[in-house]
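Now for the letters of each chain:
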Amino acid sequence: MNDSGKNDPLPVKSRSQAEQQARELVGSLAGQYSLKVDEKTVDKEFRDCLGKDHERAHDGRFDLSYSVRAKLPGDEHGKALRAMRKKLEASGYKVSGYREDPSDALMDARGGADGLFVSVESYLPPTDLVFSVKTPCFLPPGTPQEQLSAPAPASAPAAVPTASALAAGAPGRFPGNPFG
């Protein structure tokens, strides 16, 4: 039975490795414009992964949402994003959203070896940039990956006789009913 990739092997990483990876990506981007992130603004959340059909495994798989802010006047947000965009694209990231509005700059990208999603945007009032990183689902090291059940195959709809079959005197679906 084909499970449509539901049980493909997950990348393996510990929670601390995932957090370190997010910190390094943010540090690299902030360094493109000589910014220092404010560690007091770190917000991180590890969550259990859910499958695309909301399947839940019990093998410890997780993803991470990580964000942190850095001070930067709003009129410099666009210049900072341009430098960060070059860095991301050179590292194989694909930018999917980009805007340099002086009061509302934004850049979204996905890439890297683990397919991280990163967003950098103005924080209103535009005195900060917010760096956000979302990881894919990781399996903790040394943990066997639970295999999730594939959905049951869809049952085929009942055959409906065609007009030509009915005209040829084929028996209808409802014996004794003159309308088939």
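The present account deals with the structure reproduced in this document. (Residues numbered from 1 in each chain as written. Predicted model: local features only at pLDDT ≥ 70, side-chain atom pairs only at ≥ 80, totals over all residues. Heavy atoms only, no water.)

Here the focus is the packing of helix α1 (residues 15-31) against helix α2 (residues 77-90). Contact pair α1 / α2: the axes reach a minimum separation of 8 Å and the direction vectors enclose 130°. The angle between α1 and α2 falls in the class oblique. Across the interface between the two elements, L25, S28 and L29 of α1 pack against M84, K87 and L88 of α2. Grouping the constituent residues of the contact of α1 with α2 by class yields four nonpolar, one polar and one charged. (Axes fitted to C-alpha atoms, helices over the stretch in contact; angles between N-to-C directions. Helix = DSSP H or I, 4+ residues; strand = E, 2+ residues; numbered from the N terminus. Parallel < 35°, antiparallel > 145°, perpendicular 65-115°, else oblique. Contact = heavy atoms within 4.5 Å. Nonpolar A, V, L, I, M, F, W, Y, C, P; charged D, E, K, R; others polar.)

With that settled, consider the sheet that holds strand β1 (residues 37-48). Read from one edge to the other, the open sheet built from six strands follows the order β1-β2-β6-β5-β4-β3, with strand pairing classed as antiparallel. Sheet topology places β1 and β3 (94-101) at the edges, where each strand pairs with a single neighbour. The average angle at which neighbouring strand axes cross in this sheet is 10°, direction not considered. Taken together, the seven bridges between strand β5 (residues 116-123) and strand β6 (residues 128-134) define a ladder with antiparallel strand orientation. Each residue of the ladder has a partner; that of S122, found in β6, is L129. Its contacts with the sheet place α1 against β1, β2 (62-71), β5 and β6, and it is angled at close to 30° to β2. Lying on the sheet, α2 is in contact with β3, β4 (104-111), β5 and β6; it crosses β3 at an angle near 170°. (Pairing = 2+ DSSP bridges.)

Turning next to the state of the cysteines. A complete count under the given rule lists one disulfide for this structure. Across the disulfide, C49 is cross-linked to C137 (sulfur-sulfur distance 2.2 Å). Classification of the bridge connecting C49 and C137 rests on its S-S torsion, roughly 120°, and on that basis the disulfide is right-handed. Pair noted here: C49 is in the loop between β1 and β2 and C137 is in the loop between β6 and α3 (163-167), with a separation of 88 residues, a long-range link. C137 sits in the buried class, given a relative accessible area of 18%. (Disulfide = S-S within 2.5 Å. Buried < 20%, exposed > 50% of the residue type's maximum accessible area, 1.4 Å probe, protein only.)

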